[in-house]
Amino acid sequence: MKTAILIPARYASARYPGKPLAELTLPDGTRKSLIRLTWEAAQAVEGNHRVLVATDDDRIRAAAEVFGAEVIMTPESCRNGTERCAAAVEAAGLDADVIVNLQGDAPLTPPWFIEALIAEMSAGKARVATPVLRCDAVTYGHFVEDRKAGRVGGTTAVFGTDRSALYFSKEVIPWLDPAKIDPAAIPVFHHVGVYAYTRDALAAYGTLPEGALERLEGLEQLRFLENGWPVTCVEVDARGRVFWELNNPGDVARIESVL
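Remember, predicted model here, so these are calculated numbers, not experimental data.

Caption draft 1: Spatial organisation of unusual backbone geometry. Of the consecutive residues Ile173 and Pro174, the connecting peptide bond is found in the cis state with omega at -5°. Residue placement: Pro174 occurs in the loop between strand S9 (165-169) and strand S10 (189-191). Phi at Arg163 takes a positive value of approximately 70°, unusual for a residue other than glycine. In this fold, Arg163 is placed in the loop between strand S8 (155-159) and S9. The backbone of Arg239 shows a phi angle near 55°, a positive value even though the residue is not glycine. Considering the arrangement of structural elements, one finds Arg239 in the loop between strand S12 (232-235) and helix H9 (251-258). Given the relative accessible area of 56%, Arg239 is considered exposed.

Here it is as structure tokens:
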């Protein structure tokens, strides 16, 4: 089964313009851009996978080519990463059976998260899959802190016994009574912004109408749910690592502390 890992990256982010080119300081004092760290995370995934950066901005293209990335230019009209991945597949003529969308703001994504998705897709039952990670006390605290401060941070997911997603939200779901939270078993799952699609599911995405929930939440994966396409949630293990995406400028310090 052929797999391609695409990293959609746009410059014009409403919350954080130029985010893919934001530089983070590593433990040795050197600095690397967010897009480079994400590309390096993709390179660490086991297997022979083609890795491409998909962008509509020449500044991102130039920066990515400097560190050796293969870049596909896509239209500015792409409204989210999934649409950009679909455009990249068409522009590059990719013949991959499974396409992985690794968001360009998640340099802390461990390779085994992506490997678990690829394994799920290789089993042949899922057409769309995404990782979910049970929150530990630190991550749950980040979610709550962001909400109290009025910041849009990470995304949470709820799913059924068959692992099919029920909903994704930028709110913390399900609601928990603060007096009854067990720090050792918090029933909140952090949605990891990585997706795997079969070729036909990705091609179909652009033909599906954008729904009210997708517009309200600003979450692209809700388009699948609103149009009756199941999304399989694959629970992954952080293996002691802290996972967080770079959603706002204030997240730089969080990610650098983990790095």
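From this point on, the discussion continues.
Caption draft 2: View of the environment of Ala165. Relative to the helices and strands, Ala165 resides in strand S9. C-alpha separation for the pair Ala165 and Thr232, spaced 67 residues apart in sequence, amounts to 6.1 Å. If we ignore the near neighbours within four places in the chain, the residues touching Ala165 are Val158, Phe159, Leu225, Val231 and Cys233.

Caption draft 3: Geometry of the packing of aromatic side chains. Evaluation of the coordinates by the stated rule reveals 7 aromatic pairs. Summarising the aromatic geometry, the rings of Phe159 and Phe189 are spaced 5.0 Å apart at their centres and angled 70° between planes, so their arrangement reads as edge-to-face. On the criterion of sequence distance, the pair formed by Phe159 in strand S8 and Phe189 in strand S10 is long-range, its members being 30 residues apart. Judged by relative accessible area, Phe159 falls into the partly exposed class, the value being 24%. Exposure remark for Phe189: the relative accessible area of 10% places this residue in the buried category. Seen from their ring centres, Tyr205 and Phe224 are 5.0 Å apart, and the 55° between their planes marks the pair as tilted. Taken together, the positions of Tyr205 in helix H6 (residues 199-205) and Phe224 in helix H8 (residues 222-226) put the pair 19 residues apart, joining distant regions of the chain.

Conventions we followed
Residues numbered from 1 in each chain as written. Predicted model: local features only at pLDDT ≥ 70, side-chain atom pairs only at ≥ 80, totals over all residues. Heavy atoms only, no water. Helix = DSSP H or I, 4+ residues; strand = E, 2+ residues; numbered from the N terminus. Buried < 20%, exposed > 50% of the residue type's maximum accessible area, 1.4 Å probe, protein only. Contact = heavy atoms within 4.5 Å. Phe/Tyr/Trp six-rings, centres within 6.5 Å; stacked < 30°, edge-to-face > 60°.

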